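# Architecture at a glance
This is what each chain is made of:
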Amino acid sequence: MTDQEMVIRLGNYIIKLQRDISALEGVFTEYRIDTPDGRREIPYKEMAKKVAQEEGPQQVAVEQRRSLLEAIGNETQGSALIRGLYREFLEE
């Protein structure tokens, strides 16, 4: 696979994640509920922040970042970075 093809796959992957996030936000907005203070919403952003700060998700994120940095290594060339990212996230 060429560098250009890897960049396109990485870009498509990021676009898909952004689309998924937008879709979930739309669902949460559509199916909002009455909160104790009378608002009609699902406080998903606050919930997501709270969950992300818990030890389990934090540890997973730290390990993923460590693994990513190891996969990339000390190389600074663009191709090496692209190849490292591609191997870490998309290689099957």
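The present account deals with the structure reproduced in this document. All figures in this text were calculated on a predicted structure; none of them were measured in a lab.

In this section: the overall build of the protein chain. A count of helical and extended segments in the protein chain gives 4 helices and 0 strands. Each helix (α) and strand (β) of the protein chain, taken in turn from the N terminus, gives the series α-α-α-α. Here the C-alpha atoms of the protein chain give a radius of gyration of 18 Å, more than 25% beyond the 12 Å that 2.2 N^0.38 yields for 92 residues. Taken along its principal axes, the extent of the C-alpha atoms in the protein chain is 55 × 30 × 20 Å. If you take every contact in the protein chain between residues at least 6 apart in sequence, the share linking residues at least 24 apart comes to 39%. A total accessible area of about 7600 Å² is found for the protein chain, and carbon and sulfur atoms account for 56% of it. Taken as two groups, the 13 positive and 17 negative side-chain charges of the protein chain have centres that lie 4 Å from each other.

Conventions used here
Residues numbered from 1 in each chain as written. Predicted model: local features only at pLDDT ≥ 70, side-chain atom pairs only at ≥ 80, totals over all residues. Heavy atoms only, no water. Helix = DSSP H or I, 4+ residues; strand = E, 2+ residues; numbered from the N terminus. Rg over C-alpha atoms; globule rule 2.2 N^0.38 Å. Contact = heavy atoms within 4.5 Å. Areas by Shrake-Rupley, 256 points an atom, 1.4 Å probe, with all protein chains shown as cover. Lys, Arg positive; Asp, Glu negative; His and termini not counted. Charge placed at Lys NZ, Arg CZ, Asp CG, Glu CD.

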